[in-house]
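# Observations on chain architecture
Listed here are the chains, written in short residue letters.
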Amino acid sequence: MERRREAALTGGTAGRRLTSIDGGGDDGPAGPSGPPEGPGTVRRLPTERHTAAEPPAAPDQARLWHVVLSVAGPVTPLSELRAGLERLAHDHSFFLTARYAADHAEIRYWEQARDLHDAAAIALRLWGEHKATAKLPPWEIVGLEVVDRATYHKRVAEGFAGPPPQLGGVHPY
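The residue numbers shown here count from 1 along each chain, following its written sequence. Restriction of local features to residues with pLDDT of at least 70 applies here, the model being predicted, together with a cutoff of 80 or more for giving and counting side-chain atom pairs; totals for whole chains, interfaces and linings are based on all residues. Only heavy atoms go into the side-chain values, all of them from the structure, while hydrogens and water stay out.

### Some points on the overall build of the chain
Assigned secondary structure in the chain consists of 4 helices and 7 strands. Secondary structure counts use DSSP, requiring at least four H or I residues in a row for a helix and at least two E residues in a row for a strand, with both numbered from the N terminus. Its helices and strands taken in sequence order, the chain reads α-β-β-β-α-β-β-α-β-α-β from the N to the C terminus. Here the chain holds 173 residues, and 25% of them are scored as buried. For the area figures, the Shrake-Rupley method with a 1.4 Å probe applies, and any residue is considered shielded solely by the protein chains shown. Carbon and sulfur atoms provide 55% of the accessible area of the chain, an area that totals close to 11900 Å². Exposure is judged per residue with a 1.4 Å probe applied to protein chains only, and the accessible area is read against the type maximum: over 50% gives exposed, under 20% gives buried, and values in between give partly exposed.

In structure tokens:
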């Protein structure tokens, strides 16, 4: 009992076995042959074993990714560009901030995706898919950075790649 408690406290898994306390009900097929099980008897359950070549399967859940999308192109009137970026911010639910100049812009936002490949693919489509609806200039994507949430927060904590001076909204450089 003491060894099992130590392993649970330290997070160790070596030598641990899953157990179940039989409730005494007869609700399934008979277990393995051996001494009869009565109420309160501890029954060992099979444990899953994973080899180094086969890690345990992770659930297919979406994660948050911090995206910085850089676009550039011909000079565009600042009022039109700002209005287009504001429309994009309204359309995109995880939009954080955008900085812009007459010939380039940087958009920062959170993307929810299963993995890095999906987040990058969505980010690469963002400008083109919203170009017509948000009336964005015909610029091209010139840069993309996608990092997971933990990396982003670590960078901010260390003072690197922190959020822009004006968080939220659309601002000139």
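There is more to say, and it comes next.
### Comments concerning unusual backbone geometry
Glycine aside, a negative phi is what most residues show, and trans is what most peptide bonds show. Here the phi dihedral of lysine 135 falls at roughly 55 degrees; this positive angle occurs in a residue that is not glycine. With respect to the helices and strands, the residue lysine 135 is situated in the loop between helix H3 (116-130) and strand S6 (140-148).

### So, the side chain of threonine 76
Structurally, threonine 76 can be placed in the loop between strand S3 (63-72) and helix H2 (78-91). Take threonine 76: its relative accessible area is 11%, and that puts it in the buried class. Apart from residues no more than four positions distant in its own chain, threonine 76 is found in contact with Leu81, Ala102, Pro137 and Trp139. By definition in these notes, contact holds between two residues if any of their heavy atoms fall within 4.5 Å.

### A look at the nonpolar core
Core analysis: the biggest nonpolar cluster contains 24 residues, and Leu85, Ile107 and Trp127 have the highest contact counts within it. Of all the secondary-structure elements, those providing two or more residues to this core are S3, H2, strand S4 (95-100), strand S5 (104-113) and H3. For this core, the element with the highest residue contribution is H3, accounting for 5 residues. With sequence-adjacent residues up to four places away left out, isoleucine 107 is seen in contact with Val67, Val68, Leu69, Leu85, Leu88, Phe95, Thr97, Ala98 and Trp127. In this text, buried Ala, Val, Leu, Ile, Met, Phe, Trp, Tyr and Cys residues form a nonpolar core when linked through side-chain atoms within 4.5 Å.

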